[in-house]
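Residue-level structural notes
Single-letter residue listing:
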Amino acid sequence: MGQKINPISMRMGINRLWDSKWYAGKKKYHKTLHEDFNIEKSIREKLKDASVSKIEILRTANAVTINVHTAKPGLIIGRGGETIEALKERLEKKFGNKFGVNILEIKKPMLDAHLVAEQVAKQVERRISYRRAAKMAIDKAMESGAQGIKIRLGGRLNGVEIARNEFFSKGKIPLHTFRAEIDYALVPSNTTYGAIGVKVWIYKGDVFKGDTRNQMEIQQERKDKGATKGSSMEQSGAKKKAAPTTKKVTTKK
């Protein structure tokens, strides 16, 4: 029987860092850890419709800084920053610390595993066919530049009596390669006939030692450089063609 491991924890320290960055002693560690869980839960409850993907918590001696990665930053900030100020006041009142909240935009939401899983889960809750929802998400992710994607749905699919699992995949998912940048997420879909688990794996490319960018970004840069080089060569060729030719005429005396 195969042993499964979370692809994020397996790559921790290789091509991915921890979402919480702080240090605590033995006496305060468990309290701080559970406080992080409650902070994340409180933020997700407040911003459940804002497409929040990842929440990073950075602690110093006197304050807590939170980086919220979202596909809809305008919805979180609100008009004149009202929503984000209300969120800070709620966290300070509940946990008794000074909080600073930074909003970071996700430019390609379909390359984020949590947002893709959340989208499929919401469609299943609205009684859209799970096959259609998964295949549409896969097509959009591949169009956005993913090199591979896999979606697994498990539970009483379509309300049948016996639970089962179904997989949908496209491209390659090298789960055994440490340098492969694979984003993973699990989001439950709460339906009338029970919970359906939605798991998503997205392969974005390889991250090599000393290079924090993934292979997809490097290939895109090479394409852009090739396009600019080709256009500059065409312009220089056009200038040569457009330049008038002059001939020297010598007359014998």
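The sections below set out a description of the structure shown in this document. All values reported here derive from a predicted model rather than from experimental measurement.

On to the side chain of Ser51. Position of Ser51 relative to the elements: it lies in the loop between helix H2 (26-46) and strand S2 (52-59). If sequence neighbours within four positions are ignored, Ser51 has contacts with His69, Thr70, Ala71, Lys72, Leu115 and Glu118.

Next up on the list: the sheet that holds strand S3 (residues 63-70). Strand order across the open sheet formed by four strands is S1-S2-S3-S4, with mixed pairing between neighbours. Single-partner strands in this sheet number two, and they are strand S1 (20-21) and strand S4 (98-105). Bridging between S1 and S2 involves two bridges; their strand directions are parallel. Looking at S2, one finds that Lys21 is bridged to Leu58. The sheet strands contacting H2 are S1, S2, S3 and S4, and the helix crosses S2 at an angle near 145°.

Across all of its chains, the model carries eight salt bridges by this definition. When the shortest N-O distance is used, the salt bridge between Asp206 and Arg179 registers 3.6 Å. Taken as a pair, Asp206 in strand S8 (residues 194-206) and Arg179 in the loop between strand S6 (164-171) and strand S7 (180-191) lie far apart in primary sequence, 27 residues in all. Take Arg179: its relative accessible area is 42%, and that puts it in the partly exposed class. Linked through salt bridges whose partners overlap, the residues forming this network are Glu35, Asp36 and Arg59.

Definitions and cut-offs
Residue indices begin from 1 for each chain and proceed along its sequence in written order. Local features in this predicted model are restricted to residues of pLDDT 70 or higher, and side-chain atom pairs are both shown and tallied only at a pLDDT of 80 or more, whereas totals for entire chains, interfaces and linings draw on every residue. To obtain the side-chain values, all non-hydrogen atoms of the structure were used and water was disregarded. Each helix is a run of H or I in the DSSP string that is no shorter than four residues. Each strand is a run of E no shorter than two, and both are numbered from the N terminus. Any two residues whose heavy atoms approach within 4.5 Å at even a single point are treated as in contact. A pair of strands is treated as paired once DSSP finds two or more bridges between them. Axis lines are fitted through C-alpha atoms, for helices just across the contact stretch, and the angle between N-to-C directions can take any value from 0 to 180 degrees. By salt bridge we mean one thing: a side-chain nitrogen of Lys or Arg within 4 Å of a carboxyl oxygen of Asp or Glu. Per-residue accessibility, obtained with a 1.4 Å probe over protein chains only, is compared with the maximum for each type, and a residue is labelled buried under 20%, exposed over 50%, and partly exposed between these values.

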